[in-house]
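Here is how the chains run, residue by residue.
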Amino acid sequence: MNTADIKHWGDSTLFLGTDITHWLLALSAALLAYLVATWALGFALQRLQRMATRSRTTLDDAAVQVLSGTNRVLIAVAALLIGVNLLDLPDRWATRVSQLWFVAVALQLALWGGRAIRIGLDRYLQRHAPASGAHASASATLMSWGLHTALWSMVMLGILSNLGVDITAFVASLGVGGIAVALAVQNVLGDLFASLSIAIDKPFEVGDFIAFGSVSGTVEHVGLKSTRIRSLSGEQVVVSNTDLLKQTLSNFKRQAQRRVQFGFGVTYDTTPDQAERIAGVVKRIIEQRPKLKFDRSHFKGFGESSLDFEVVYFVTEPDYTLYMDEQQLINLALMRELGRMGVNFAFPTRTVVLSGAQEAAAREPMTRTTPSRAH
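No experiment lies behind these values; they were computed from the predicted model shown.

Conventions used here
- Residues numbered from 1 in each chain as written.
- Predicted model: local features only at pLDDT ≥ 70, side-chain atom pairs only at ≥ 80, totals over all residues.
- Heavy atoms only, no water.
- Helix = DSSP H or I, 4+ residues; strand = E, 2+ residues; numbered from the N terminus.
- Buried < 20%, exposed > 50% of the residue type's maximum accessible area, 1.4 Å probe, protein only.
- Contact = heavy atoms within 4.5 Å.
- Phe/Tyr/Trp six-rings, centres within 6.5 Å; stacked < 30°, edge-to-face > 60°.
- Lys NZ or Arg CZ within 6 Å of the ring centre and 35° of its normal.
- Core = buried A, V, L, I, M, F, W, Y, C linked by side-chain atoms within 4.5 Å.
- Polar contact = N/O pair within 3.5 Å; in protein donor to acceptor, adjacent residues only side chain to side chain.
- 1 Å grid on protein atoms, 1.4 Å probe; cavity = no way out; pocket = protein on both sides within 12 Å on 5 of 7 lines; lining within 4 Å.
- Points joined across faces, edges and corners; volume = space filled by probe spheres on them.
- Nonpolar A, V, L, I, M, F, W, Y, C, P; charged D, E, K, R; others polar.
- Pairing = 2+ DSSP bridges.
- Patch = residues over 30% accessible without salt bridge, like charges linked within 9 Å, V, L, I, M, F, W, Y side chains within 5 Å.
- Areas by Shrake-Rupley, 256 points an atom, 1.4 Å probe, with all protein chains shown as cover.
- Salt bridge = Lys/Arg side-chain N within 4 Å of Asp/Glu carboxyl O.
- Expected span 1.5 Å × (residues − 1).
- pLDDT = per-residue confidence, 0-100.
- Axes fitted to C-alpha atoms, helices over the stretch in contact; angles between N-to-C directions.

### Brief notes about the environment of Val281
Here is step 1: Along the chain, Val281 turns up in helix 10 (residues 272-287).
Here is step 2: Classification of Val281 by relative accessible area gives buried; the value is 6%.
Here is step 3: Along the chain, Val281 and Leu338 lie 57 residues apart, while their C-alpha atoms are 8.6 Å from each other.
Here is step 4: Setting aside chain neighbours within four positions, we find Val281 in contact with Glu337 and Met341.

Put into structure tokens, the structure is as follows:
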């Protein structure tokens with residue numbers, strides 16, 4: 001078979017109403033378009049990367065990351081559509097090709113938009129998340145879910161509209177169905193809005209040490225429905241966001257300093273001069289510690305078995321271990337100082353005072369009468 005025969009076969013053989021020669025030209029054009037588009041994409045990425053290395057802004061880096069998310073399958077589809085446009089197809093096929101163009105472009109824009117959302121959220125977490133960055137915060141989770149849902153909803157509605165689907169009735173039915181679903185999953189929606197409240201109001205974030213009810217621990221993850229907390233005893237506590245916000249929370253990580261109040265008692269044989277000196281001794285002990293700030297020390301009152309003192313001071317750092325170390329040093333120093341003064345710590349005692357008759361009866365020896373036996 002010579003060249004003329006091949007050309008005659010290609011011109012005379014039809015496929016979908018178009019001869020094979022035109023189909024081969026269309027495939028060649030599609031292949032060329034794919035190669036050119038791939039080369040242009042690589043060239044643009046290289047130029048942007050060079051600009052990003054010289055620029056101090058982060059927009060160039062973001063553009064490189066977004067553009068690198070271009071889908072090669074969609075490029076191939078676009079190249080095939082370019083080749084198909086060169087064919088003399090019936091009107092119904094031309095309409096289908098136009099719809100495929102819209103679908104391909106819309107999907108690629110959605111992929112670029114999704115990557116841009118992820119990049120923006122990553123930078124948001126770098127600025128606002130704790131240093132560990134092990135888990136996403138509630139705000140990042142909500143923003144990611146909301147933005148991706150909105151993006152893909154608009155893309156899918158646009159594609160359906162382009163394909164001839166009446167989206168007006170579809171959106172209306174979605175609204176009615178949404179109300180029914182909302183009533184069915186109102187508990188889940190309650191947790192969702194509670195998570196939104198956590199994201200906006202920020203009562204705590206991942207890494208904060210919080211306490212509520214009988215639970216205290218470090219926040220590990222804040223999700224759309226629940227929050228996970230690692231308790232002091234080691235287990236993970238999972239609590240719904242709605243129940244969590246109904247309780248009074250204590251966030252210890254945001255504690256600038258720790259106020260400490262403690263008391264002790266000495267025995268009643270302590271003299272007034274000694275009692276007056278004790279307050280000064282406590283003040284001197286606390287002021288010698290560089291991370292403590294003395295507030296007050298008073299002879300509070302007369303207890304049942306002790307002279308009671310009350311002391312208040314501040315630890316300039318919120319660390320609980322530091323507080324316990326300092327309190328231990330204060331207790332030991334207080335024991336030494338009171339021992340040098342000859343003052344004893346009190347312990348529960350009770351003195352019984354007897355009247356004169358009772359005291360005489362207590363001193364009188366006990367006698368026992370033995371009854372006589374009858375013979």
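### What to know about the packing of aromatic side chains
Here is step 1: Summed over all chains, the structure comprises 8 aromatic pairs.
Here is step 2: Summarising the aromatic geometry, the rings of Trp39 and Phe43 are spaced 5.4 Å apart at their centres and angled 15° between planes, so their arrangement reads as stacked. Linking Trp39 with Phe43, this pair stays in helix 2 (residues 20-54), spanning 4 residues, or about one helical turn.
Here is step 3: For Trp39, a relative accessible area of 58% corresponds to the exposed category.
Here is step 4: Taken together, a centroid distance of 5.2 Å and an interplanar angle of 25° make the contact between Phe299 and Phe309 stacked. Linking Phe299 in strand 9 (residues 292-302) with Phe309 in strand 10 (residues 307-315), this pair joins segments that are 10 residues apart in sequence.
Here is step 5: An aromatic cluster is present here, built from Phe264, Phe299, Phe302, Phe309 and Phe345 joined pairwise through their rings.
Here is step 6: Above the plane of the ring of Phe314 lies Lys293, whose end atom (NZ or CZ) is 5.3 Å from the centre.

### A short note on the side chain of His148
Here is step 1: Following the sequence through the fold, His148 ends up in helix 6 (residues 138-162).
Here is step 2: Beyond its immediate stretch of four places on either side in the chain, His148 contacts Gly114, Ile117 and Arg118.

### Re the nonpolar core
Here is step 1: The biggest cluster of nonpolar side chains holds 25 residues, and the ones touching the most others in it are Phe264, Val266, Ile278, Ile286, Tyr313 and Leu338.
Here is step 2: Only strand 8 (258-266), helix 10, strand 9, strand 10 and helix 11 (320-341) provide two or more residues apiece to this core.
Here is step 3: With 7 residues, helix 11 is the largest single contributor of residues to this core.
Here is step 4: In this structure, Val266 is in contact with Ile278, Ser306, Leu307, Phe309, Leu338, Val343, Asn344, Phe345 and Ala346, ignoring residues within four places of it in sequence.
Here is step 5: Counting residues in each nonpolar core, the second largest holds 12 residues, with Ile198, Phe204, Val206 and Val222 among its members.

### Focus: the side chain of Asn251
Here is step 1: As for its position among the elements, Asn251 is in strand 7 (residues 250-251).
Here is step 2: Taking the relative accessible area as the measure of exposure, Asn251 reaches 18% and is therefore buried.
Here is step 3: From its side chain, Asn251 meets the backbone oxygen of Pro203 in a polar contact 3.0 Å long.
Here is step 4: At a separation of 3.1 Å, a polar atom in the side chain of Asn251 contacts the side chain of Asp208.
Here is step 5: What Asn251 contacts, discounting residues up to four positions off in sequence, is Pro203, Phe204, Asp208, Phe209 and Ile210.

### What about the layout of surface pockets?
Here is step 1: Within this model, the largest pocket holds a volume of roughly 310 Å³.
Here is step 2: The residue makeup of the lining of the largest pocket, split by class, is 17 nonpolar, 2 polar and no charged.

### Quick look at the pairing of strand 9
Here is step 1: Strand direction decides the pairing type here: strand 9 and strand 10, joined by 9 bridges, are antiparallel. Paired with His298 across the bridge in strand 10 is Glu310.
Here is step 2: Linking strand 9 to strand 10, which pair antiparallel, is a turn of 4 residues.

### Some words on a nonpolar patch on the surface
Here is step 1: On the surface, Leu329, Leu332, Met335 and Phe345 cluster together into a nonpolar patch covering about 340 Å² of accessible area.
Here is step 2: Tracing the backbone shows Met335 in helix 11.
Here is step 3: The exposed category is assigned to Met335, whose relative accessible area is 51%.

### What about helix 4 (residues 72-85)?
Here is step 1: For helix 4, with 14 residues, the first-to-last C-alpha span of 20 Å sits near the 20 Å given by 1.5 Å per residue.
Here is step 2: Turning to helix 4, its buried residues number three or more, namely Leu74, Ile75, Ala78, Ala79, Leu81 and Gly83.
Here is step 3: Where helix 4 begins, one side-chain oxygen reaches toward the backbone nitrogen of Val73, 2.8 Å away; that side chain belongs to Asn71.

### A closer look at the confidence of the model for the protein
Here is step 1: For the protein, the mean per-residue pLDDT works out to 78, and 74% of the residues sit at or above 70.
Here is step 2: Mean pLDDT across the elements of the protein ranges from a minimum in helix 1 (residues 3-12), with 48, to a maximum in strand 10, with 94.
Here is step 3: Scored below 50 in pLDDT, residues 130-136 makes 10 contacts in the model with residues more than four places away or belonging to other chains.
Here is step 4: Counting interchain partners and residues more than four positions distant, the pLDDT-below-50 stretch residues 367-375 has 0 contacts.

### Remarks on the sheet that holds strand 8
Here is step 1: Pairing in this open sheet of 3 strands is antiparallel, and the strands run 8-10-9 from one edge to the other. The open sheet has two edge strands, strand 8 and strand 9, and neither has a second partner. Averaged over neighbouring strand pairs, the angle between their axes works out to 20° when direction is ignored.
Here is step 2: Each of strand 8, strand 9 and strand 10 touches helix 10; the most contacted strand, strand 9, lies at about 160° to it.
Here is step 3: Docked against the sheet, helix 11 engages strand 8, strand 9 and strand 10, running at close to 25° with respect to strand 8.

### Remarks on the sheet that holds strand 3 (residues 209-212)
Here is step 1: Strand order across the open sheet formed by 5 strands is 6-5-4-3-7, with antiparallel pairing between neighbours. The sheet is open, and its two edges are formed by strand 6 (236-240) and strand 7, each paired on a single side.

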